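# Summary of the model geometry
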Amino acid sequence: PIPDDGLKTFNSIELLRKWVWRFFFTQGQTPPLNFWIQGFYFKLLTPSILSMRFFYFILSIVAVILSFLFSKKHFSRSMTFFILAFSAFSFPSLYTARFSFYAQTLFTFQIIAFGFLLTYLNSASSREYRNKGWTLGLITGVGFWVAIQWPLAACAIAVAVFLTVKTKEIKTTIFKNISFWSPLSLLVIPFLLASFHFKNGDHIRYLLNLP
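Residues numbered from 1 in each chain as written. Predicted model: local features only at pLDDT ≥ 70, side-chain atom pairs only at ≥ 80, totals over all residues. Heavy atoms only, no water.

## Focus: the pattern of salt bridges
- Following the criterion strictly, the structure yields 3 salt bridges and no others.
- Measuring nitrogen to oxygen at the nearest pair gives 2.8 Å for the salt bridge that ties Glu128 to Lys132. You can see Glu128 and its partner Lys132 sitting in helix α7 (residues 126–143), 4 residues apart, about one turn around the helix.
- What makes Lys132 partly exposed here is its relative accessible area of 27%. (Salt bridge = Lys/Arg side-chain N within 4 Å of Asp/Glu carboxyl O. Helix = DSSP H or I, 4+ residues; strand = E, 2+ residues; numbered from the N terminus. Buried < 20%, exposed > 50% of the residue type's maximum accessible area, 1.4 Å probe, protein only.)

The following block contains the structure:
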């Protein structure tokens, strides 16, 4: 194990022993969801190097399977094969899963989010857009609690949702996608409040001070 493996796993084990409502972990101020899930995971499997690695191995396998299922539903066979191969032999699946690091959780969650985005974009009626918009907005909002990099993915999803309404009036666009923006706001606003309270972002200043 490398130091990051021990540091990340140690925080999850501490949550297993005594739960504390922390929203940002380590000097990197990593969002909490990965630590919370792993804390519950260690209730099922005794903490060890094997169980630590197995957690991220499961996530990498789930990411590949979901890539196949989402692609099969929306793309041709050849494109599905290409996406499956790209997912299975990409950097996150082959390399990141070897470490106890939230990047694998981020990769798996990205697959889930973009899969639901595909489902949303292929809606056949206004009712489907509303129903699937709630789910997509909820998933996109949860992502902010997964990883520091999630705002980039959320921005891409928001742009795709914004462009589904073919009108130049911004008010009309926002109103027609209200089912997406509402659950997204319900999760992003608490995240912003927690970020303000716990001074999330200070780690960037410390990184810039390094030689």
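## Quick word on the environment of Lys72
- Of note, Lys72 is situated in helix α3 (residues 49–74).
- With a relative accessible area of 57%, Lys72 lands in the exposed category.
- For the pair Lys72 and Ile83, spaced 11 residues apart in sequence, the C-alpha separation works out to 9.6 Å.

## Focus on unusual backbone geometry
- Unlike most non-glycine residues, Gln29 shows phi in positive territory, near 55°.
- Turning to its location among the elements, Gln29 is positioned in the loop between α1 (3–17) and α2 (33–44).
- For Gln29, a relative accessible area of 11% puts it in the buried group.
- Look at Lys199: it is not a glycine, yet its phi comes out positive at around 55°.
- As for its position among the elements, Lys199 is in the loop between α10 (178–197) and α11 (202–208).

## Focus on the packing of aromatic side chains
- One pass over the full model with this rule turns up 21 aromatic pairs.
- Each ring, one from Tyr41 and one from Phe55, has its centre 4.9 Å from the other, and the planes form 55°; the classification is tilted. Of this pair, Tyr41 sits in helix α2 while Phe55 is found in helix α3, placing the two residues 14 residues apart along the sequence. In this pair, the class of Tyr41 matches that of Phe55, namely buried.
- By way of ring pairs, the aromatic residues Trp19, Trp21, Phe23, Phe24, Trp36, Phe40, Phe144, Trp145, Phe191 and Phe198 are connected into one cluster. (Phe/Tyr/Trp six-rings, centres within 6.5 Å; stacked < 30°, edge-to-face > 60°.)

## Quick notes on the nonpolar core
- Counting residues in each nonpolar core, the largest one holds 23 residues, and the members touching the most others are Leu117, Leu136, Phe144, Trp150, Ile157, Val161 and Phe180.
- Only α6 (103–121), α7, α8 (150–162) and α10 provide two or more residues apiece to this core.
- Once you skip the residues sitting within four places of it in the chain, Leu136 turns out to touch Ala113, Phe116, Leu117, Tyr120, Ile157, Val161 and Phe180. (Core = buried A, V, L, I, M, F, W, Y, C linked by side-chain atoms within 4.5 Å. Contact = heavy atoms within 4.5 Å.)

## A word on the confidence of the model for the chain
- Confidence along the chain averages 85 in pLDDT terms, with 93% of residues attaining 70 or more.
- Per-residue pLDDT, averaged within each element of the chain, yields its smallest value for helix α9 (residues 170–176) (58) and its largest for helix α4 (residues 77–88) (91). (pLDDT = per-residue confidence, 0-100.)

## Section: α10
- When the terminal C-alpha atoms of α10 are compared, their 28 Å separation across 20 residues agrees well with the 28 Å that a helix rising 1.5 Å per residue should span.
- If you look at α10, its biggest bend is around 30°, right at Ser185.
- Every buried residue of α10 is listed here: Ser179, Phe180, Pro183, Leu184, Val188, Phe191, Ala194 and Ser195.
- Where α10 is buried, its residues contact α7 and α8.
- Lys199 lies just past α10 and shows a positive phi near 55°. (Expected span 1.5 Å × (residues − 1). Bend = angle between axes of the 7 residues up to and from the residue.)

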